[in-house]
Amino acid sequence: MTPHSEDRYYVLDHEAPETPPPTSDPAPWGETRVVGKPLPRIDAYERLSGSAVYPADITLPRMVYGAILRSPHPHANVTAVDVSKARTMPGVHAVISGSDIPASLSAHARTMRNQIFLPRCRYEGEPVAAVAAETPYQAADALRTINVTYEVLPFVADERRAMEPDAAKVHDQGNQVMPTVTYRRGNVDRGFAEADVVLEQEYRSECEIHTPMELHGCVARWDGDSLTVWESTQGVYNVQTQVAAALGLPLSKVRVVGEYMGGGFGAKLGAGKYSVIASLLAKETARPVKLTLTREETYLAVGNRPPSNMRLKAGVKRDGTLTALQFVASGSGGAYRAGGVSALDFLIKDLYLCPNVHTELTDIYINAGPARPFRAPGHPQCSWALEQLIDALAREIGMDPIALRLKNVPTFSQARDGNPPYTTTGLAQCLREGAAAFRWQETRDAIARERDGGHVHRGVGMAAALWAAGGGGPPCTVVIKLFSDGSVNLNMGASDIGTGTKTVMAMIVAEELGVDPYDVQIAHADTGTTQYASASGGSKTIPTEAPTVRAAALDVKRQLLELAAEELEVELSTLQLENGTIVSSADPSKTTPINRLRSFARRRSITGIGYRGPNPADKAVTPFAAQFCEVEVNARTGEVKIIRFVGAHDSGRVMNRLTYQNQVFGGITMGIGFAMTEERVLDVDQTGKLANKNWHDYKLPTALDVPADMTCVPIDIPDPEANIAGAKGIGEPATIPTGAAIANAIYDAIGVRLTATPMTPAHIVQALANAERGG
Amino acid sequence: MPQDHKDRDESAPDGRGKVSRRGFLTSVGTGALGAAAATQVQAQAPPSAVVVDANELTKVTLHINGRRHQVLVEPRWSIAYVLRERLGLTGTKLGCERGECGACTVLVNDIPRYACMTLAIELDGTSVTTLEGLMQGEELGPTQQAFLEEDAFQCGYCTPGQVMAVEGLLRVNPDPSLEDIRRNMAGNLCRCGAYVHIFRAARRAAELKRTQGGAS
C-alpha cells in the first residue's frame, strides 16, 4: 500500500506473467449468429430491479461504519493526535491513528505508521485517523472530536510554479519527479527547414477528476485469519495483491469480491488506503466494517487526470506532408509519483506519419492528491494540442482537415521500437465513413451559405485518434461448464465495470455452443472463486477476455464432440455442433440434440478451460477513431451549444452493437466534460486547498449539456491477427478526440482558438475580446 | 430496528400529487452528516412541534412501496439512510449526500425527490416509492423495461435515480417532448454518459405505459 500509484496498465510493454497458450488456433468467425448483434445486457434485470448488490449496498450482521479523518492542509507534519474524546462518543467501537495502535493491530504498527497514517501529509486529504461506529452519523460525530496538532508547512499547488527556485519542496530532494524524458527520431530542425508552414502554440488542459457515481469504498470482514473485502473495484486481483501485501497475509487468505461496481474510469484499478483502513478497523472491532468515502474525499484522495502544459510546434509542406513535430510538456501527478505525464506524447509519436519528432516530458510534484489512470491516460490531453494544431495547419495551407489527416495515415507504429506494423489500420475508414455520415462537406457548404452576420455562429470540427493500449493480452484464464441440459456456467475473474463485459462473454458462449446467451450464468470478479484476470482498464477487457472465453468454449465443444463421436459411432471429423445439436455430415440420421446424448447425461457436465494466448509478435494492436461535431456559439454570451456528434471507430469486430454504441456515446459525453466544464480548482495562492470538491462547483456534463443527436459509425473490420475474437478495445478511444473536435468546431464558428480547457462561456467571451483587441 | 409490516397498506395516502403538510413543516436539509441538524429543527419548527435531541429515536410511519413501516429514527437520519441501511432497500443509491447527483431520487407522493436531502421524519405519513416499488411482481415495470431495451445505463449506479426521475415525469406528463425529457433529467448525473440512451428510454417508457394502459 505504498502511496504512489500501483496501476500499471498504461505502462507499455511491461512484463506480465503469461498463461499457457490456448490449445487450438481456430479460424476467425465468418458469419455470426449472436456476436455483434444489439442484445440488451444479460444483467440488465439486476441493475434495473435494484437486486444487483454493489459493495456500498452490503449490510452484514453486527456491521459498523468506518470513517477517515483527513489532513485539511496541503502540506503539514502531524505532531500529535488526541483521540481521547472520540473513544467516549456514542456508538464508537474503535479509533486508530499513526499513534493510536491498539494491541490487536500491533502486528500492523509499521504499516499503519509508514504507509497509512503518514507523519507528513503532502496533500489535503491524506488520512490521519479513522473511527468505526454504529452509524455513519456517529462515526462522523466522532471524527469531529479528534484533535490533531499540525505543523503547517509551506506548499506549492501549481506545477507551473513548482520548479521555481523558491518554491516549497513537496519532497526534500525537490519537485521534479524524475529526469525529463526525451524522445527523438529524425531531426526536427531539418524537418522545420523543409516545411512550407510552421506553427507553434501553447496548450493547457486542466486537471479532471473521475468522480464515478458509486463512491470509493468497501466492506471488510474477518473470519479468523481470513479476510473478505467487498470492494467497488475494476480489478479484484489488484486489490487482493495490495491488501495482502499491506497486511502481510497470503493471497489465499484475502478474498476480494466486486461483482457489481458503480463506475471507475481508472480510479478503481486497485486498493485504496481505505481498503486497508477498513480491514484494520474490522480486526480491531471484531465486526464487519463498511467504509464508504464521502464525495468530498473522492475529489481529494482517489485520483485524477493530471493537468498538462504543452507546447507544440509542427511543420507541414503545401501538399500536406508533415515534416516535423516538437512537443515539450509538463504535468503533475500530485504529491507522489503517479504518472503525471504518462503517455502524454504518444499521439505525437504515433498518430501521423512524421519522420522528425522530438518530445520532452517533465513530471512535477505538487501538494495535491495523487493521480490515477483516467480513461486513456495522456491521450485526450495530447489530442487537445495535436488535433488543434493539425486543424490550424490545414487552414494555413488551404487544405481540408480530413484530407490533411488522410495524407498522413500510418500503417505501422512509429512510436514503438522496430516500427511494428499495426495488425489493422482503420483510421482512413474512420475519417472517410465518419465524414460521410456527418455530411461534412455538405454541412460546411451550408454553414458558409447561411452565414447571416448575427451573433450566433455555427461551426464544424473534427479530430482523429488512436489508443496506445487497446489490444489486451495475457494472463487470463476462463472456465466454462456445460451442463447436460445445454445450459452454461462461465467463470472468469474480470469485472464488468458497466461496459457490458458479461453480456459479450455470454454472446461468445452462445455463438460457439449454440445456447441462449440469457441461459449463461456468469460468476466473476471474486478472487476466492473465479479465475485470474487483470483489472478491467486500458480497454483491455474485450480483447483479453473475449478470446479467452472463445478458447474455453472451443475446449468444451471439442470434448463434447469426442463424446458424441464415440457414442454415435461416427468419425469425429464429420461432427459439428449446430444450435445445441450434434450433426454428422456423413450420416444425417445420427443428428442428436446434446441433451439426448446418454454419455453426456451420465457425466452431467463438461468443463473447458481457456487461456489467453500471446499477442502477435512484432505487431501493434491499436484502435483508431475519428469524431465530428457541429456547434453553435453565441458570440455575445460565449455559450456553446453542441448540436450533434458523430463517432467513427475502428475497434476491430463489434461484439455487441448496442453496448458498443453506448461506449462511444459515453466517451463523447465524458470528452464534452473534459473540454467544456471540468476543472479542479486549487487555491494556489492562499491555502492550497481544493476549492470545488463537489458536483455543484465541479461541473459534470448533464442531460442539458450533451446533444441528443449522436451517431455511432462502427468500422467493423475484424482483426484476426489481434486475437481469436478479432476485437480491439473501445472504451478509451471513444473519449480521446472529443475535446479537440469541439475546439476545432468552435474555431470554425468564431475564428478564435481556445487553447485551454474548460471552454466556459467566460473563457470564450474573453478570447473573443482579446482577438478583437489584437486584430 | 423495530418496525412492523403489513401485507396490505390500508392507511397509505391515496392522493396523487398531494404532498402532506407535515412533510413541509419539518423540512430541513440534511446536507452533510450534521450534528447541526437538531438545532436547525429547533430553529425552524413551529411552536406546536415536539423538539427532540439529535440522538433521540423518534417513531415515524412510512408508507414505502405500498407497505407500512413504523421505524424509530434519529431526527437527523435521511430517508436514503433509512431505506438503504435500515430497511435493506438498496435500490436507492447514494452518490453525493448533498443533493447534487440524483442517484437517490425517490418519489414522495409521486413527486421526484432527493432522498439524501430529505429527513425520514419529514416523510411521516407520506407515500414513498423507490425503484423496488416499480416492479410488477418479479417483472420489470415499463420504465425499467424501457431502460433495458434502450441500454440506457452502463455501470447502473445512477440508474435507479434516472428511472425514478423518468417515472416521476411520466406520472405528470405522459407524452413528454425531447426538451421536456432533457430538462426533467438535468438533476440526475450519469458519469458513464448514457444520457442519449436515457432520452430514448424515456420516450420508450412513455410508449410502453400507453400500450399497457397506463399501468405503472
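The rules we used
- Residues numbered from 1 in each chain as written.
- Chains lettered and ligands numbered in written order.
- Predicted model: local features only at pLDDT ≥ 70, side-chain atom pairs only at ≥ 80, totals over all residues.
- Helix = DSSP H or I, 4+ residues; strand = E, 2+ residues; numbered from the N terminus.
- Buried ≥ 20, exposed ≤ 12 C-beta atoms within 10 Å, placed from the backbone.
- Contact = placed C-beta atoms within 7 Å.
- Domains from an automatic or database assignment.
- Nonpolar A, V, L, I, M, F, W, Y, C, P; charged D, E, K, R; others polar.
- Core = buried A, V, L, I, M, F, W, Y, C linked by C-beta atoms within 7 Å.
- Axes fitted to C-alpha atoms, helices over the stretch in contact; angles between N-to-C directions.
- Parallel < 35°, antiparallel > 145°, perpendicular 65-115°, else oblique.
- Left-handed = near helix turned anticlockwise from the far one by under 90°.
- Pairing = 2+ DSSP bridges.
- Expected span 1.5 Å × (residues − 1).
- Right-handed = clockwise from strand over helix to strand, strands pointing away.

Asks: Quick question: what am I supposed to make of the overall build of chain B here?
Replies: Helix and strand content of chain B: seven helices and five strands. Its helices and strands taken in sequence order, chain B reads α-α-β-β-α-β-β-β-α-α-α-α from the N to the C terminus. Across the 216 residues of chain B, 55% fall into the buried class. Partitioning the intrachain contacts of chain B with sequence separation of at least 6 by distance along the chain shows that 64% fall at a separation of at least 24.

Asks: Please clarify how the domain arrangement of chain A should be interpreted in this entry.
Replies: Often, the extent of an interface is quoted as the loss of accessible area upon association of its parts. All names here are of chain A. Partitioning chain A into structural domains gives domain 1 (44-53 + 471-611), domain 2 (62-164) and domain 3 (398-468 + 618-774). In this structure, domain 1 and domain 3 have C-alpha centres spaced 38 Å apart. In this assembly, 16 residues from domain 1 lie in contact with 18 residues from domain 3. Of all elements in the fold, only α14 (501-513) and α15 (541-568) reach the threshold of two or more residues within the side of domain 1 that touches domain 3. Looking at the side of domain 1 that touches domain 3 residue by residue, the classes come out as eight nonpolar, six polar and two charged.

Asks: I'm lost on the nonpolar core in this one. Help?
Replies: Generally speaking, nonpolar side chains in soluble globular proteins are found buried as a group. All names here are of chain A. Among the nonpolar cores identified, the biggest contains 287 residues, and V131, L490, V509, I742 and I746 are the most heavily contacted of them. For this core, the leading source of residues is α15, giving ten residues. The contact partners of V509, leaving out residues within four places of it in the chain, are I480, V488, L490, V515, V520, V549 and A553.

Asks: Before we go on, may I ask you to explain the packing of helix α17 (residues 657-677) of chain A against helix α18 (residues 738-750) of chain A in this structure?
Replies: In a pair of packed helices, the angle between the axes and the distance between the axes together describe the arrangement. Residue and element names in this part refer to chain A. Put simply, α17 and α18 touch, their axes get as near as 7 Å, and they point 60° apart. By the angle between their directions, the pair α17 and α18 is classed as oblique. Seen along the crossing, α17 lies across α18 with a hand that is right-handed. From α17, G667, I668, G671, I672, F674, A675 and M676 reach across to α18, where they touch T738, G739, I742 and A743. Its residues assigned to classes, the contact of α17 with α18 comprises seven nonpolar, four polar and no charged.

Asks: Any chance you could explain the sheet that holds strand β18 (residues 488-492) of chain A here in plain terms?
Replies: In sheet architecture, strand pairing relies on hydrogen bonds along the backbone and comes in two forms, parallel and antiparallel. Residues and elements named next belong to chain A. Strands sit in the order β19-β18-β17-β23 across an open sheet of four strands; the sheet is mixed. Across the chains shown, the open sheet's two edge strands, defined by having one partner strand only, are β19 (520-524) and β23 (605-611). Each neighbouring strand pair of the sheet contributes to a mean axis angle of 15°, computed without reference to strand direction. In this structure, β18 lies alongside β19, joined through five bridges in parallel fashion. Bridge pairing links N491 to A523 in β19. Across the face of the sheet, α14 comes into contact with β17 (477-483), β18 and β19 while running at roughly 135° to β19. The strands touched by α15 are β17, β18 and β23; relative to β23, the strand with the most contacts, the crossing angle is about 140°.

Asks: Is there a simple way to explain the interface of chain A and chain B in this structure?
Replies: Facing 48 residues of chain A, the contacting portion of chain B comprises 48 residues. Here the side of chain A that touches chain B takes seven residues from α17(A), the largest share from any one element.

Asks: I keep staring at the sheet that holds strand β12 (residues 289-292) of chain A and nothing clicks. Help me out?
Replies: All names here are of chain A. Pairing within the open sheet is mixed, and its seven strands lie in the order β3-β5-β1-β12-β9-β10-β11. Looking at strand neighbours, the two that pair on one side only are β3 (92-97) and β11 (254-257), the edges of this open sheet. Across the sheet, the mean angle from the axis of one strand to that of its neighbour is 20°, orientation sign disregarded. The pairing of strand β1 (residues 64-70) with β12 spans two bridges and is classified as parallel. By the bridge assignment for β12, Y65 is matched with K290.

Asks: What exactly am I supposed to notice about α14(A) here?
Replies: Since the α-helix packs 3.6 residues into each turn, any two residues three or four apart lie on the same face. Residues and elements named next belong to chain A. Taking 1.5 Å of rise per residue, the 13 residues of α14 would be expected to cover 18 Å, and the 18 Å separating its terminal C-alpha atoms lies within 8% of that figure. With 13 of 13 residues buried, α14 is to be regarded as a mostly interior element. Taken from the residues just after α14, G514 is the one with a positive phi, measuring 70°.

Asks: Hey, could you run me through the pairing of strand β25 (residues 640-650) of chain A in this one?
Replies: Consecutive side chains along a regular strand alternate between the two faces of the sheet. Residues and elements named next belong to chain A. Counting buried positions over the eleven residues of β25 gives eight, a clear majority of the element. Inspection of the sheet shows strand β24 (residues 624-634) paired to β25 by ten bridges, in the antiparallel sense. If you follow C629 over to β25, its bridge partner there is F645. Hairpin connection, β24 to β25: the antiparallel pair is bridged by five residues, and G638 has positive phi, about 80°. The pairing of β25 with strand β26 (residues 709-714) spans six bridges and is parallel. When the bridges of β26 are listed, F645 appears paired with M710. For the crossover that starts at β25, traverses α17 and ends in the parallel β26, the hand is right-handed.

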